[in-house]
Amino acid sequence: MTAYDVIVLAGGAAKRLGGADKPGLRVGGRALLDRVLSACADAAVTVVVGGRRATARPVVWTREVPEGGGPLAALGAGLRLTTAERVLVLSADLPFLGRGTVDALLTAAGEPGREGALCTDPDGRDQPLVAAYRAEPLRRELALIATEHGSLTGLPLRLLTAELDLARIDAGPDASFDCDTWDDIAAARARIREHGAVLDEWITSVKNELGIDLDVDTALLLDLARDAAHGVARPAAPLTTFLVGYAAARASAGAGPDEAAAAVAEAARKATDLALRWEAEAEAEVEASGGEAAGAGGSGSGTADGTAGGAGRDAGREGTGTP
């Protein structure tokens with residue numbers, strides 16, 4: 001992907017949120033601004049137009065003059081600090097913006113004859129703050145608008161988009177979902193906890209919190225946890241996944257994300273094989289005792305009679321890791 005810069009507009013009065021610090025509001029444990037920044041982490045330059053705050057990655061800060069001058073003024077202020085041929089322009093309140101949408105916008109903006117690309121919402125309305133623009137025509141039109149109106153302060157974005165040849169991208173209902181009200185915030189927080197999304201959201205949040213740049217094979221680790229819980233004992237599941245992560249970190253020290261991901265996969269494979277061997281031994285023990293020690297494979301419970309009880313106790317000790 002050709003290098004690009006990004007401008008994130010993080011100002012505004014947030015009147016419908018009672019003046020709350022909207023970019024800092026958390027969805028899924030992460031500030032809205034940080035969620036947007038994670039979708040464009042490979043930008044050459046990231047400019048945030050708004051008040052300074054702690055962010056998950058380094059950015060360049062600026063403000064429009066005068067402050068509160070509106071989105072066109074903020075865009076003009078940010079554009080002065082960029083140099084790339086294409087500029088991604090985003091608002092700071094997009095909790096579900098993903099890498100796929102960013103790539104689609106940048107690709108469409110680079111098509112011959114196009115001056116940019118923007119998302120449309122489910123109702124077909126243009127979203128000029130979920131967009132990518134070619135820098136040269138963007139600078140040209142902003143200069144023309146400023147000359148015609150005396151400045152960019154207080155002017156609507158439609159004055160800009162009406163003059164540019166823009167591709168329209170239908171990125172689905174989530175990409176352009178923004179948080180303007182407390183109801184929007186509540187809806188976003190509820191959506192990330194839906195069954196189909198909660199694990200991916202949680203893993204992404206943990207990686208961002210820990211500063212990990214690693215593609216995690218969630219299914220692989222869940223299968224490992226299941227096999228450890230079933231073949232050994234339930235507490236073995238979280239402890240085993242921790243040990244797999246530790247082993248992978250040691251094996252891939254100083255390596256890149258791809259090597260680290262491969263190390264996780266290899267460590268998980270070894271641990272899964274071990275858990276399955278434990279399970280097979282427990283099943284063989286049950287068969288050898290005539291089935292009387294049923295459940296010995298990881299349940300940790302023995303039987304009451306004096307013959308099969310020994311097998312049950314041994315299996316219980318194995319399940320807890322007791323030597």
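Located above this text is the structure these notes cover.
Residues numbered from 1 in each chain as written. Predicted model: local features only at pLDDT ≥ 70, side-chain atom pairs only at ≥ 80, totals over all residues. Heavy atoms only, no water.

Asks: Lay out the overall build of the chain in plain terms, naming residues and giving numbers.
Replies: Counting secondary structure elements, the chain contains 13 helices and nine strands. For the chain, buried positions account for 43% of its 323 residues. Restricting the contact set of the chain to residue pairs at least 6 apart, pairs at least 24 apart contribute 63%. Summed over its atoms, the accessible surface of the chain is roughly 16600 Å², and 54% of this surface lies on carbon and sulfur atoms. (Helix = DSSP H or I, 4+ residues; strand = E, 2+ residues; numbered from the N terminus. Buried < 20%, exposed > 50% of the residue type's maximum accessible area, 1.4 Å probe, protein only. Contact = heavy atoms within 4.5 Å. Areas by Shrake-Rupley, 256 points an atom, 1.4 Å probe, with all protein chains shown as cover.)

Asks: An account of the sheet that holds strand β8 (residues 126–134) is needed here, citing residue identities and associated values.
Replies: Note: strands within a sheet are paired through backbone hydrogen bonds, in either parallel or antiparallel orientation. Here seven strands make up an open sheet; going across it, the order is β5-β4-β1-β6-β8-β7-β9 and the pairing mixed. Of all the strands in the sheet, the pair left with one neighbour each is β5 (60–62) and β9 (166–170). On average, each strand axis in the sheet is inclined to that of its neighbour by 25°, with strand direction left out of account. Here five bridges tie strand β6 (residues 86–91) to β8, and the two strands are oriented antiparallel to one another. (Pairing = 2+ DSSP bridges. Axes fitted to C-alpha atoms, helices over the stretch in contact; angles between N-to-C directions.)

Asks: Account for the packing of helix α10 (residues 236–251) against helix α11 (residues 257–288), naming residues and giving values.
Replies: In contact at an axis separation of 8 Å, α10 and α11 are set at 135° when each is read in the N-to-C sense. The pairing of α10 with α11 is recorded here as oblique in orientation. For the pair α10 and α11, the sense of crossing is right-handed. Facing α10, whose interface residues are T240, V244, A247, A248 and A251, α11 presents A263, V264, A267, A268 and A271. Residues of the contact of α10 with α11, tallied by class, amount to nine nonpolar, one polar and no charged. (Parallel < 35°, antiparallel > 145°, perpendicular 65-115°, else oblique. Left-handed = near helix turned anticlockwise from the far one by under 90°. Nonpolar A, V, L, I, M, F, W, Y, C, P; charged D, E, K, R; others polar.)

Asks: So, a nonpolar patch on the surface: which residues are in play, and what are the values?
Replies: Judged by side-chain polarity, V198, L199 and L222 come together as a nonpolar surface patch covering roughly 230 Å² of accessible area. Within the element layout of this structure, V198 appears in helix α8 (residues 198–210). Given the relative accessible area of 31%, V198 is considered partly exposed. (Patch = residues over 30% accessible without salt bridge, like charges linked within 9 Å, V, L, I, M, F, W, Y side chains within 5 Å. Salt bridge = Lys/Arg side-chain N within 4 Å of Asp/Glu carboxyl O.)

Asks: Account for the pattern of salt bridges, with residues named and values stated.
Replies: Counted by the stated rule, this structure contains 19 salt bridges. Put simply, R140 and E115 hold a salt bridge, and the shortest N to O gap is 3.0 Å. With a gap of 25 residues between them, R140 in helix α4 (residues 135–149) and E115 in the loop between α3 (99–109) and β7 (116–120) connect regions that are remote in the sequence. We note a salt bridge from R191 to D174, for which the minimum N-O separation is 2.4 Å. Placement of R191 in helix α7 (residues 182–191) and of D174 in helix α6 (residues 172–175) is noted, with a sequence separation of 17 residues between them.

Asks: Explain the pairing of β7 to me, using residue names and the numbers behind them.
Replies: Most of β7 sits out of view: five of its five residues are buried. Here five bridges tie β7 to β8, and the two strands are oriented antiparallel to one another. Note on β8: the bridge partner recorded for T120 is D126. Connecting the antiparallel pair β7 and β8 is a turn made up of five residues, with G124 showing a positive phi of about 85°. Two elements, β7 and β9, share five bridges in a ladder whose sense is parallel. Within β9, the residue paired with G116 across the bridge is L166.

Asks: If you had to explain a negative patch on the surface to someone new, which residues and values would you point to?
Replies: A surface patch of negative charge is lined by D213, D215, D258 and E259. For D213, a relative accessible area of 63% puts it in the exposed group. (Lys, Arg positive; Asp, Glu negative; His and termini not counted. Charge placed at Lys NZ, Arg CZ, Asp CG, Glu CD.)

Asks: Quick one: what's the story with the packing of helix α9 (residues 218–231) against α10, residue by residue and with numbers?
Replies: It is the contact of α9 with α10, at a shortest axis distance of 8 Å, that shows an interaxial angle of 130°. The angle between α9 and α10 places the two elements in the oblique class. For the pair α9 and α10, the sense of crossing is right-handed. Judged by residue contacts, L221, L224, A225, A228 and A229 of α9 engage A236, A237, T240, T241 and V244 from α10. Its residues placed into classes, the contact of α9 with α10 shows eight nonpolar, two polar and no charged.

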